[in-house]
Structures are given as C-alpha cells and as structure tokens.
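Summary of the model geometry
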Amino acid sequence: MEDKTTSSTRRDVEEKNINDWLPITKSRNAKWWYSAFHNVTAVVGAGVLGFPYAMSELGWGPGITILILSWICTLYTAWQMIEMHEPEPGKRFDRYHELGQHAFGEKLGLWVVVPQQLMVEVGVNIVYMITGGKSLKKIHETLCDGCKPIKTTYFIMMFSCIQFILSHLPSFNSIAGISWAAAVMSLSYSTIAWIASVHRGPQPGVKYGYRSSTNAGNTFDFFSALGDIAFGYAGHNVVLEIQATLPSTPEKPSKIDMWKGMLVAYIVVALCYFPVSIFGYWAFGNIVSDNILLSLEKPRWLIVAANIFVVVHVTGSYQVFAVPVFDMMESFLVINMKFKPTWFLRFITRNIYVAFTLFLGVTFPFFGGLLGFFGGFVFAPTTYFLPCVMWLVIYKPKRFSFSWCANWFCIIFGVLLMVLAPIGALRQIILAAKDYKFYS
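Presented here is a report on the structure given in the accompanying data block. Predicted model, so just to flag it, every value in this text is computed and none were measured.

So, how was this worked out
Residues numbered from 1 in each chain as written. Predicted model: local features only at pLDDT ≥ 70, side-chain atom pairs only at ≥ 80, totals over all residues. Heavy atoms only, no water. Helix = DSSP H or I, 4+ residues; strand = E, 2+ residues; numbered from the N terminus. Rg over C-alpha atoms; globule rule 2.2 N^0.38 Å. Buried < 20%, exposed > 50% of the residue type's maximum accessible area, 1.4 Å probe, protein only. Contact = heavy atoms within 4.5 Å. Areas by Shrake-Rupley, 256 points an atom, 1.4 Å probe, with all protein chains shown as cover. Disulfide = S-S within 2.5 Å. Phe/Tyr/Trp six-rings, centres within 6.5 Å; stacked < 30°, edge-to-face > 60°. Expected span 1.5 Å × (residues − 1). Polar contact = N/O pair within 3.5 Å; in protein donor to acceptor, adjacent residues only side chain to side chain. Core = buried A, V, L, I, M, F, W, Y, C linked by side-chain atoms within 4.5 Å. Salt bridge = Lys/Arg side-chain N within 4 Å of Asp/Glu carboxyl O. Axes fitted to C-alpha atoms, helices over the stretch in contact; angles between N-to-C directions. Left-handed = near helix turned anticlockwise from the far one by under 90°. Nonpolar A, V, L, I, M, F, W, Y, C, P; charged D, E, K, R; others polar.

**Looking at the overall build of the protein**
Helices and strands together make up the secondary structure of the protein, namely 16 helices and 0 strands. In terms of overall dimensions, the protein is globule-like: its C-alpha atoms have a radius of gyration of 22 Å, near the 22 Å expected for 440 residues. The dimensions of the protein, computed from C-alpha atoms along their principal axes, are 85 × 55 × 40 Å. The 440 residues of the protein split such that 56% are buried. A separation of at least 24 residues holds for 85% of the contacts in the protein among residues at least 6 apart in sequence. As presented, the protein carries roughly 18900 Å² of accessible surface, and 70% of it is formed by carbon and sulfur atoms.

**What to know about the environment of Phe-51**
Mapped onto the elements, Phe-51 comes out in helix 3 (residues 51-58). Taking the relative accessible area as the measure of exposure, Phe-51 reaches 1% and is therefore buried. Here the alpha-carbon distance between Phe-51 and Phe-274, two residues 223 residues apart in the chain, equals 8.9 Å.

**What about the state of the cysteines?**
Inspection of every chain in the model, using the stated rule, returns 1 disulfide. Shown here is the disulfide that connects Cys-144 with Cys-147, its sulfur atoms set 1.3 Å apart. We note that Cys-388 lacks a disulfide partner, and the nearest cysteine sulfur, in Cys-410, lies 4.3 Å from it. The exposure class of Cys-410 is buried, given its relative accessible area of 4%.

**What about unusual backbone geometry?**
You will see that Lys-338, though not glycine, has its phi angle at about 60°, which is positive. Note that Lys-338 resides in the loop between helix 13 (300-336) and helix 14 (343-363). Judged by its relative accessible area of 66%, Lys-338 is exposed. In this structure, Phe-400 is a non-glycine residue whose phi angle is positive, near 70°. Assignment of secondary structure puts Phe-400 in the loop between helix 15 (367-395) and helix 16 (402-434). Judged by its relative accessible area of 62%, Phe-400 is exposed.

**Points about the packing of aromatic side chains**
The full count for this structure, using the stated rule, is 20 aromatic pairs. Here a set of aromatic residues connected by ring pairs shows up, and it is made of Tyr-76, Trp-79, Trp-391 and Tyr-395.

**With respect to helix 9 (residues 215-231)**
For helix 9, built from 17 residues, the straight-helix expectation of 24 Å at 1.5 Å per residue is met to within 8% by its first-to-last C-alpha distance of 25 Å. For helix 9, the buried fraction is high: 12 of the 17 residues fall into the buried class. By the burial criterion, the buried members of helix 9 are Gly-217, Asn-218, Asp-221, Phe-223, Ser-224, Ala-225, Leu-226, Gly-227, Asp-228, Ile-229, Ala-230 and Phe-231.

**Describing the side chain of Ser-295**
By the element assignment, Ser-295 lies in helix 12 (residues 292-295). With relative accessibility at 12%, the residue Ser-295 sits in the buried group. Of the polar contacts made by the side chain of Ser-295, one reaches the backbone nitrogen of Ser-289; its length is 2.8 Å. Residues within four places of Ser-295 in sequence aside, it is in contact with Arg-200, Phe-284, Val-288 and Ser-289.

**Thoughts on the nonpolar core**
Within soluble globular proteins, side chains that are nonpolar tend to cluster in buried spots. Core analysis: the biggest nonpolar cluster contains 114 residues, and Ile-229, Tyr-233, Met-262, Tyr-273, Ile-292, Tyr-384 and Met-390 have the highest contact counts within it. Sort the elements by how many residues they give to this core and helix 13 lands first, with 15 residues. Non-local contacts of Met-262, meaning those with residues more than four positions away in its chain, are made with Ser-35, Asn-39, Leu-75, Ala-78, Ile-82 and Val-239. With 6 residues, the next largest nonpolar core counts Ile-18, Leu-333, Val-334 and Leu-345 among its residues.

**Quick word on the pattern of salt bridges**
The final tally for this structure, using the stated rule, is 8 salt bridges. Taking the shortest distance from any N to any O, the salt bridge between Asp-327 and Arg-95 comes out at 2.5 Å. Here the residue Asp-327 occupies a position in helix 13, and Arg-95 occupies one in the loop between helix 4 (60-85) and helix 5 (96-104), the gap between them amounting to 232 residues. Accessibility expressed as a relative area gives 2% for Asp-327, which makes it buried. Exposure remark for Arg-95: the relative accessible area of 7% places this residue in the buried category. Close ionic contact of Asp-257 with Lys-252 constitutes a salt bridge, the shortest N to O distance being 3.4 Å.

**Overview of the packing of helix 8 (residues 176-200) against helix 13**
Taken N-terminus to C-terminus, the directions of helix 8 and helix 13 make an angle of 145°; their axes are 8 Å apart at the nearest point. For helix 8 against helix 13, the interelement crossing comes out left-handed. For the pair helix 8 and helix 13, contact is made by Ile-178, Ser-179, Ala-181, Ala-182, Met-185, Ser-186, Ser-188, Tyr-189, Ile-192 and Ala-196 and by Leu-302, Ala-305, Ala-306, Phe-309, Val-310, Val-312, His-313, Gly-316, Ser-317 and Val-320, respectively. Looking at the contact of helix 8 with helix 13 residue by residue, the class counts come to 14 nonpolar, 6 polar and no charged.

So, in structure tokens, the structure goes:
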C-alpha cells in the first residue's frame, strides 16, 4: 500500500515539475487584461486587411450579414470554451485537446482536436511569416523610390530572424509585453486603414458589382471570401491556453476574468473589422487589393506607419499561436519520448519549428488564397462548431431549447463555411500559382 502511495506521489511530483516547465502551465499569475490583449492579438489578425476584398466578392448585403453572424457566432463559442475550461473546481482543461479528450474520449479526442489545432496554428504562423515579410518589403519600396527591388523571400527571412529570437521566451506570460504591443498595433493599423479609406472617398468610376465577369467566377469568389472571413476569427485555438495562465480559486474561478477579457477583446474586434470592411469596400469597390494597405498608396508616411504596425502585430501574433505548438512538441518529447526537460531540447525544437514555417512561407507566398483555404478548411471547425459539438456532448441540452438551437445553428453555419470556402480558395491558389516563380 505504501509503495503504491509513494509511486503515486512521485508521479504527481513529476507531473507538476513537467507542468512547471511547459510554456502554457509554467505561470498562472496573469491578470484579466492579459486575457484581453492576448485575445485581441490572437483574433485580430492581418486577415482584417483582406476584409474589404472579401466584401468585394460577397457584395454589400451578404458581406455585412456574414460579418455580423461570424462575430455573434464566435463570441458565443468563445463563451462556451471559457465555461468548459473548468467544469468543476480544481479540474482545469488547460489545452484544447484536453477538452476534446474529456468530450470524445482519450484517443478519439486527440485525433479530433490535435490535427485541426496544429493545422490552424502552423497555418497562421506561415501566413504571418508571409505578411511580416511583405509588409517589410512595402516599407522598403515606399521609402526608397529608386532602389533596386529586393526579393520578397529576403524580407520574409528578415522577419523570421525576430521570431528565432522571441521563440525562446519560456512561457505565455513572458510574451505579455509583446502581445500588448501587438494588440495596440492591430487597433492602430485597422484604424489607419479605414480612416485613410474615408479620407480618400469613393474612387473615380468606383463599381460595387461582382469582381468576375462570369457566374462561375463569382461563385468561386464568394466561396473564397467566406474563408477569408473565417480566417479573421481564428483565435479560439488558443482560448483555453490563454485561460490556463489565469489563477483560479473556488471563490473566483478563472472564467470570470477570462470572460471579462474576452468581452473587451470582442469590442476591439468589432472596432477593427466592421469599419475596415465597410469603408475599404466603399472607397475602392471591386478594384480593392487583397491587402487594403496596398490600395492606399498615399500619403507615404501613413502607409509606412501602417506597415510598421502590421510588422509589430504579426510579430506578437506569431508568438501567441506558436506557444501552444511549442507546448505540444515539448510535452510530447518529454512525456512520450522520455527526453529530459532541458533548455537545449527547447532550443532545438523551437528553432526547427520557426525554420519550418519560414521554409513554407518563402515557398508558397499566395497571401489571399492561403487565407481563404486555411480559413475554411480548418479555422471554421475549431472556431465555429467544434466547441458547440463538445457542449452538446458534455452538457446534453434539452432538444429545441435555446442552447440546443443556438449550437445547431453555429454547427450548420460552420460546416457550410468549412465545405464551401476551400473550393474558392483552391481556385485562387491555382490561378496565382500559374504565374508564380519559386523564391522570387
């Protein structure tokens, strides 16, 4: 009996030591406002710059409807995830896959959640590598008129140097300062984008009809735009991991502070997304670029400032999405592969990961198409309907009750996004790839 108790105690101590080393559970002293800016950094991605382009593919009515529906639907699923983080006092699901295992069982939960979550996080990091590089290139071109053009590849490599350094910060809370700066920047460049659009006003001969001249082209464009919007609401993949950094007591569970932070974050999301989408489309109509900042050529200082803000924001966003991947890789190597939890293991795994996202970023920089493809294929499930499925499995709400109806609405909406968006995006990638030269 004593031996069993001793081995159980030893196992608990080992588990605690590993949790104290892993980046998600290392520090649990975050404040509610950490949750607010981590969530802003995670949700308000560079995808917002593609929203006016998505509006030009959807048209006024469907565009505004899908934006509003997405905002309501994803705020509801975020609330569900916050509630499910701590189903009973003392028991916390610190990672998305742990909640999946609670809902679907040990093995099935892993297979349902981990591949999707990894695809989202790695996908976001690749897109942010590209965005950071392209924004650096835009700064260089704007400031240096007569300079010899430099390959986009080199700018993406420059951006990756920052990530190689920042990736060695030990925990989620240690990136709080970077995340705060990124959240401020996302609000700043979104504000610049829509105020500059308002200042420019509708361009001469602006048209609000569909972009393509054929019905098939318009249909594919519509599908692709759904993916762009789904990409803009991708923050749910790190909600539980952000909540894991908050302290929790029976008197004040972590969900109170987390929900407060999430509400603030979603107000900021609305202040960024709706004006950029509406005023960007209003000013440029169907000739708007897939990155609104590329359509705004003047004044030069404003465009440079906006692109600097984008670089700072995607620097922080990259880290917010990379930390859960580091946590997954390091926990697998330490728990399953029995490696020792050392700084050297961390150094090697994190550098390999950043190098991997850099390689894919310089190889496939089709910004618009990538957004739509990832947005539909993997972001819609993890953000729009997987939390609803888990809620139905865990809480079993009464059929036709408000909760049951709301969940099924989100599931149907999310499944439609997941099926339709990649079709349009794949066509865009194929069209872009026809003229593309590798490492140009």
